[in-house]
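Residue-level structure breakdown
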Amino acid sequence: MLARKSIIPEEYVLARIAAENLRKPRIRDRPRKARFIAKNGACNLAHKNIREQGRFLQDIFTTLVDLKWRHTLVIFTMSFLCSWLLFAMMWWLVAFAHGDMDPSTESASNSTKWTPCVTCVRSFTSAFLFSIEVQVTIGFGGRMMTEECPLAITVLILQNIVGLIINAVMLGCIFMKTAQAHRRAETLIFSRQAVIAVRNGKLCFMFRVGDLRKSMIISASVRIQVVRKTTTPEGEVIPIHQVDIPVDNPIESNNIFLVAPLIICHVIDKRSPLYDISAADLALQDLELIVILEGVVETTGITTQARTSYVAEEILWGHRFVPIVTEEEGVYAVDYSKFGNTVKVAAPRCSARELDEKPSILIQTLQKSELSHQNSLRKRNSMRRNNSIRRSNSMRRTNSSLIVPKVQFITPEGGQSTSET
């Protein structure tokens, strides 16, 4: 049976498909820029082609601390098992060399004054159990060493020294992993977004930082760095060019008292890399602002560091953080549900350079915001008046509908009586 031909001509189908492709433009997603510091503070950096791997073994303790927990536990277990097996082999060789493994010596020890190096060590299993007893200092009492063999005393001393070294290294490694500084940094939080608004007549870059624990961070300091790709006049491309920017702090020192969430402010002036950036140019900038909070943990005395970063898409122009600290019954309360909330405020859309050259821009912006605020208040008042008038009219209508009509009743005598129902 022949294949059935299509009713619609093939040329028309191809033309329709081409027209549909022209109508639906292909939208390509903008590739996401790789950020140097992630929002959780981790460095987004991959080390490749490292040839000198032996340098990690030279600093073995730091390597063990930096390993993952599953690798650390495997190394911890294997180090003890290997040491027990190694010294069990040595105890077995000592007993075998002295003749303690010979069955005839067992009967001879009952009749004569035969003294073994280690009592009750007649197999590798018993030698392994004796090795564990020596290194862990359990001492069940069934096996013990005698003064018959000086070599056994040497093995005992050597095993005790090796066991103490393994205990010190592995327990110290586990303690450092559990008390690492970045664990304390998990309770140091930053606002998800940063803002740029006017403060004291200047454009300022601001973000919020807080501490969730009651134990304080001593000598806490905040540093801000701008990371961008730059090109020198000689043509050299610097992919990660770091520039420190100052933090506005009324105290002479750079330390902050992080007892409650604070808004860290950077004044955008001539020294700032953001001096020539306007609101329209911010979205096109390829920059990243890294925030570093350092301090000493009050409970442990260990220096900790918390990090985060803000790219251009995470900076809100013309916004301000809402207040979250209130006084309730003589106690300052912090509402962390509003930690990252912002409100829109009046701010000039020009750069800080243009604002310094033309201060009238700020005055005009504030005047426009004041007029818009007054207009919004007028609209609200008019809406409230209209709503009140509508309510009063509706109430009048309902009252008029509830008026009881007068009904006349005719009595048999011909008189009329009026009553209300």
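This one's a predicted model, so the numbers in the text were calculated from it and none came from an experiment.

A few points about the overall build of the protein chain
In terms of regular secondary structure, the protein chain is built from 11 helices and 16 strands. Buried positions account for 29% of the 421 residues belonging to the protein chain. Sequence separation of 24 or more characterises 62% of the internal contacts of the protein chain that already satisfy a separation of 6 or more.

A short note on the side chain of serine 131
The residue serine 131 is located in helix H6 (residues 124-136) in this model. Here serine 131 falls in the buried class, since its relative accessible area comes to 0%. Ignoring anything within four residues of it in the chain, the contact list for serine 131 reads Ser83, Trp84, Phe87, Ala88, Trp91 and Gln159.

Re unusual backbone geometry
In the Ramachandran plot, serine 219 falls in the positive-phi region, its phi being about 55° despite a non-glycine side chain. Serine 219 gets classed as partly exposed once you look at its relative accessible area, which sits at 47%. Positive phi, close to 55°, is recorded for glutamate 329, a residue that is not glycine.

Details of helix H7 (residues 150-178)
Counted at 1.5 Å a residue, the expected span for H7 with its 29 residues is 42 Å, and the 42 Å between its end C-alpha atoms agrees. Inspection of H7 places Ala152, Val155, Gln159, Gly163, Ile166, Met170, Cys173 and Lys177 among the buried residues, and these make up the whole buried set.

Some thoughts on a nonpolar patch on the surface
Together, Leu57, Ile60, Phe61, Ile153, Ile157, Ile161, Ile165, Val169, Phe175 and Met176 make up a nonpolar patch on the protein surface, roughly 920 Å² of accessible area in all. Looking at where isoleucine 60 falls in the secondary structure, it is placed in helix H3 (residues 60-66).

Some thoughts on the confidence of the model for the protein chain
Of the residues in the protein chain, 77% reach a pLDDT of 70 or more, and the chain-wide mean stands at 78. No element of the protein chain has a lower mean pLDDT than helix H1 (residues 10-23), which averages 48, and none a higher one than strand S11 (residues 319-321), which averages 92. In this model residues 1-15 is a low-confidence stretch, pLDDT under 50, and it forms one contact with partners more than four residues away in sequence or in other chains. Low confidence marks residues 22-30, where pLDDT is under 50. Its contacts with residues over four positions away, or in another chain, come to two contacts.

Things to note about the packing of H6 against H7
Running from amino to carboxyl end, H6 crosses H7 at an angle of 60°, the nearest separation of the two axes being 9 Å. It follows from the interaxial angle that H6 and H7 lie oblique. Note on packing geometry: the crossing formed by H6 with H7 is right-handed. Listed contacts from H7 to Ser131, Val134 and Gln135 of H6 are Leu156, Gln159, Asn160, Gly163 and Ile166.

Let's talk about the pattern of salt bridges
Under the definition given, this model contains seven salt bridges. The partner of arginine 35 in a salt bridge is glutamate 314, with the nearest N and O atoms 3.0 Å apart. Of this pair, arginine 35 sits in the loop between H1 and helix H2 (54-58) while glutamate 314 is found in the loop between strand S9 (303-311) and strand S10 (315-317), placing the two residues 279 residues apart along the sequence. When sorted by exposure, arginine 35 lands in the same class as glutamate 314, which is buried. Arginine 143 is the partner of glutamate 133 in a salt bridge, and the nearest nitrogen-oxygen pair spans 3.4 Å. Taken together, the residues glutamate 133 in helix H6 and arginine 143 in the loop between H6 and H7 connect sequence positions 10 residues apart.

Describing the nonpolar core
Formed by 39 residues in total, the largest nonpolar core has its most connected members in Phe205, Phe207, Leu289 and Leu293. Here leucine 293 is in contact with Leu188, Phe190, Val209, Ala220, Ser221, Val222, Ile256, Leu258, Thr304, Gln305 and Ala306, once residues within four sequence places are set aside.

Re the pairing of strand S12 (residues 325-328)
Here S12 pairs with strand S13 (residues 331-334) via four bridges, running antiparallel. Along S13, the bridge assignment pairs threonine 326 with alanine 333. In textbook terms, the turn of a hairpin is the stretch between consecutive antiparallel strands, and for S12 and S13 this stretch comprises two residues, one of which, glutamate 329, has a positive phi near 55°.

Considering the state of the cysteines
In protein structure, a disulfide is the covalent linkage between the sulfur atoms of two cysteines. Taken as a whole and judged by the stated rule, the model has one disulfide. With its sulfur 1.6 Å from that of its partner, cysteine 117 forms a disulfide with cysteine 149. Judged by the sign of its S-S torsion, about -50°, the bond between cysteine 117 and cysteine 149 is left-handed. Taken together, the residues cysteine 117 in the loop between helix H5 (103-111) and H6 and cysteine 149 in the loop between H6 and H7 connect sequence positions 32 residues apart. Judged on exposure class, the residue cysteine 117 and its partner cysteine 149 are both buried.

Things to note about the packing of helix H4 (residues 69-98) against H7
Between H4 and H7, the least distance of the axes is 11 Å, while the angle of their chain directions is 175°. Between H4 and H7, the angle falls in the class roughly antiparallel. Tallied by class, residues from the contact of H4 with H7 come to 19 nonpolar, six polar and one charged.

Describing the packing of aromatic side chains
Counted under the stated rule, the structure contains eight aromatic pairs. For the pair phenylalanine 205 and tyrosine 310, a centre-to-centre distance of 6.3 Å together with 75° between the ring planes defines the contact as edge-to-face. In this pair, phenylalanine 205 sits in strand S3 (residues 202-211) while tyrosine 310 sits in strand S9, placing the two residues 105 residues apart along the sequence. With respect to burial, phenylalanine 205 and tyrosine 310 carry one shared label: buried. An aromatic cluster of three or more residues is present, and its members are Phe76, Phe80 and Trp84. The ring of tryptophan 69 carries the charged tip of lysine 177 above its face, separated from the ring centre by 5.2 Å. For the cation-ring pair, arginine 208 lies above phenylalanine 339, with the distance from its terminal atom to the ring centre recorded as 5.9 Å.

Rules of the game
Numbering of residues starts from 1 in every chain and runs along the sequence as written. Reporting in this predicted model follows two pLDDT cut-offs: at least 70 for local features of residues, and 80 or more for side-chain atom pairs to be given and counted; totals over whole chains, interfaces and linings ignore these cut-offs and use all residues. Side-chain metrics rest on all non-hydrogen atoms present in the structure, leaving aside hydrogens and water. Counting from the N terminus, the helices are DSSP H or I runs at least four residues long and the strands are E runs at least two residues long. Here's how the labels work: a residue is buried when its accessible area is under 20% of the maximum for its type, exposed when over 50%, partly exposed in between, all with a 1.4 Å probe on protein chains only. By definition in these notes, contact holds between two residues if any of their heavy atoms fall within 4.5 Å. Here, expected helix span is obtained from the residue count minus one, scaled by 1.5 Å. For patch building, the residue pool is restricted to those with more than 30% relative accessible area and no salt bridge; the joining distance is 9 Å between like charges and 5 Å between nonpolar side chains (Val, Leu, Ile, Met, Phe, Trp, Tyr). Accessible surface area values rest on a Shrake-Rupley calculation with a 1.4 Å probe, where residue burial reflects the displayed protein chains alone. The salt bridge definition used is simple: a Lys or Arg side-chain nitrogen within 4 Å of an Asp or Glu carboxyl oxygen. Each residue gets a pLDDT score, which is the predictor's confidence in that residue and runs from 0 to 100. Axis lines are fitted through C-alpha atoms, for helices just across the contact stretch, and the angle between N-to-C directions can take any value from 0 to 180 degrees. Note that the term roughly parallel is reserved for angles under 35 degrees, roughly antiparallel for angles over 145, roughly perpendicular for angles of 65 to 115, and oblique for everything else. Working rule for handedness: look at the near helix, and if it is turned counterclockwise from the far one by less than a right angle, call the crossing left-handed; if clockwise, right-handed. Residues belong to a common nonpolar core when they are buried Ala, Val, Leu, Ile, Met, Phe, Trp, Tyr or Cys residues joined through side-chain atoms within 4.5 Å. Strands are treated as partners if at least two bridges between them are detected by DSSP. Counting rule for disulfides: a pair of cysteine sulfur atoms within 2.5 Å. Throughout, the ten residues Ala, Val, Leu, Ile, Met, Phe, Trp, Tyr, Cys and Pro are labelled nonpolar, Asp, Glu, Lys and Arg are labelled charged, and all others, Gly among them, are labelled polar. Aromatic contacts are taken between Phe, Tyr and Trp rings whose centres are within 6.5 Å, Trp giving its six-membered ring; a plane angle under 30 degrees counts as stacked, one over 60 as edge-to-face, and the others as tilted. Only Lys NZ and Arg CZ are tested; either one counts as a charge over a ring when it is within 6 Å of the ring centre and within 35 degrees of the ring normal.

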